[in-house]
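Here is what each chain is made of, one letter per residue.
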Amino acid sequence: MIGALKEAWANFRGFDTTGSTVPPMDGPLRPNARLDAAPLLLAIEDVDNLTATPAGLLASVGAGIHHLLADGDTLRIAATRTMPGAVTAMASSGSSLAIAIAGAGVQIEAEGAAPRMVALDGIDAGHVTAMSFAGPATLYVAIGSARHPAREWKRDLMTKTAAGSVLRLDLVQGRTSVIARDLAFPSGIHASGGRVFVSEAWRHRVISFATDGGKPEVALGALPAYPGRIAPSSAGGYWLAMFAPRNPLVEFVLKEKDYRRRMVETIDPDYWIAPSLATGRSFLEPIQGGARKKLNMLKPWSPTWSTGLVVRCGADMAMLESWHSRADGAVHGITSLAEMDGRLMAGAKGSGKIVALDRIDEGSAA
């Protein structure tokens, strides 16, 4: 009786009784089209990790690592090398470079030393989503999920898995220690100032903890999109890539156990009701009523499975401003960010583009 009364009251007032409400894009996340207006530097399909090094910008595509150099107002591929497996993450610090290679481990390269491979305590490097140096001898590694490789992130979400962890690698002693576990797909990491910031994608937040572990604190929560990789800002604070938007229909499906199980077991992941790095590539994709084109136009506020979103955050990870590519945009699925030559390079894996954001030194970190 009481439940019926509560439901009737919720229906009358319009309350959400399913828990599927997605926070609005408001305040620093107010929608715009700044990513679409950013200059295109290079079109490169499936571009993933961007890492700035003293020799130039590195970009991974599958098992390849491209060395990119400025060519006027664009970028060009100066050289390419092929690794023995797919590159899932990269990190650099000075002349040191770490490369996570699926099926092999983490390759550590440093000037004047031969490359060496570091194992991850029994975990395949194909599960690595992000890495961050904390000095030349320490590397923090985010393992998205112990059950699914990083490329199956959509399956990890739709099976409601929380089997992620954060490892700390002592590159001198060769020791590996787990400083956080049972995380819901840690997809970005950055160590700075005695703290480690980690994007916990499926819980829509960024958490932080001490460099030796301990109880995590929520640095940024209740996000309307899935947070991904984190990059430091030269102006202070951080850059945060959000690789896909949250969607009320996806939140609803996550609560429908039997429906979700049948969808995962019987349908190709490209056609799931799930977030994506890019949409509109097949007529078999699920479509929501509001996303139908009218007069051959897609409204920017249409419900969508993919967008592009870059957020500037302060030193405490509070959001300051954002760059968007909305439903009708063409810079979707931002997975990596790196500063170089006074610009922020944003890698859109979904759209296969590298674009540049200017004015990056005008912000003020909180």
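The coordinates are above.
Residues numbered from 1 in each chain as written. Predicted model: local features only at pLDDT ≥ 70, side-chain atom pairs only at ≥ 80, totals over all residues. Heavy atoms only, no water.

What to know about the environment of Ser 306
1) Next: Mapped onto the elements of the fold, Ser 306 is located in the loop between α5 (257-266) and β20 (308-313).
2) Next: Distance from Ser 306 to Ala 244, taken between C-alpha atoms, is 5.2 Å for residues 62 residues apart in sequence.
3) Next: Leave out the neighbours within four places in its chain, and Ser 306 touches Pro 245, Ser 276, Leu 277, Ala 278, Thr 279 and His 332. (Helix = DSSP H or I, 4+ residues; strand = E, 2+ residues; numbered from the N terminus. Contact = heavy atoms within 4.5 Å.)

Structural notes on the layout of surface pockets
If a probe as big as a water molecule is rolled over the atoms, it shows which places are left empty.
1) Next: When its volume is computed, the largest pocket comes out at roughly 1,100 Å³.
2) Next: Lining the largest pocket are 42 residues, with Ala 150, Arg 151, Trp 153, Leu 277 and Lys 349 sitting closest to its centre.
3) Next: Contributions of two or more residues to the lining of the largest pocket are made by β3 (56-61), β6 (87-93), β10 (128-133), α3 (153-158), β18 (225-232) and β22 (334-340).
4) Next: For the lining of the largest pocket, the leading source of residues is α3, giving 3 residues. (1 Å grid on protein atoms, 1.4 Å probe; cavity = no way out; pocket = protein on both sides within 12 Å on 5 of 7 lines; lining within 4 Å. Points joined across faces, edges and corners; volume = space filled by probe spheres on them.)

Overview of the packing of aromatic side chains
The description of an aromatic ring pair uses the distance of the two centres, along with the angle that the planes make with each other.
1) Next: All told, the structure shown has 8 aromatic pairs when counted by the stated rule.
2) Next: Among the aromatic residues, those joined into a ring-pair cluster are Trp 153, Phe 185, Trp 202, Tyr 226 and Phe 243.
3) Next: The ring of Trp 323 carries the charged tip of Arg 34 above its face, separated from the ring centre by 4.2 Å. (Phe/Tyr/Trp six-rings, centres within 6.5 Å; stacked < 30°, edge-to-face > 60°. Lys NZ or Arg CZ within 6 Å of the ring centre and 35° of its normal.)

Digging into the sheet that holds strand β14 (residues 186-192)
1) Next: Ordered in space as β14-β15-β16-β17, the 4 strands form an open sheet in which the pairing is antiparallel. This sheet does not close on itself; its edge strands, each paired only once, are β14 and β17 (213-220). This sheet shows a mean twist of 25° between the axes of neighbouring strands, independent of strand direction. (Pairing = 2+ DSSP bridges. Axes fitted to C-alpha atoms, helices over the stretch in contact; angles between N-to-C directions.)

Re the nonpolar core
1) Next: Among the nonpolar cores identified, the biggest contains 20 residues, and Met 158, Trp 202, Tyr 226, Phe 243 and Val 250 are the most heavily contacted of them.
2) Next: The set of elements that each furnish at least two residues to this core consists of α3, β19 (238-245), α4 (248-253) and α5.
3) Next: The element contributing the most residues to this core is α3, with 3 residues.
4) Next: Those residues in contact with Trp 202 that sit more than four places away from it in its chain are Trp 153, Asp 156, Leu 157, Thr 161, Ala 184, Phe 185, Tyr 226 and Phe 243.
5) Next: Formed by 18 residues, the second largest nonpolar core is a distinct cluster that contains Ala 100, Val 128, Leu 139 and Leu 167. (Core = buried A, V, L, I, M, F, W, Y, C linked by side-chain atoms within 4.5 Å. Buried < 20%, exposed > 50% of the residue type's maximum accessible area, 1.4 Å probe, protein only.)

Description of unusual backbone geometry
1) Next: Positive phi is not limited to glycine here, since Asp 121 has a value of about 55°.
2) Next: Mapping Asp 121 onto the fold places it in the loop between β9 (113-118) and β10.
3) Next: Under the relative-accessibility criterion, Asp 121 is labelled exposed at 55%.
4) Next: Not every positive phi belongs to a glycine, and Asp 182 is a case in point at roughly 55°.
5) Next: As for its placement among the helices and strands, Asp 182 is situated in strand β13 (residues 175-183).

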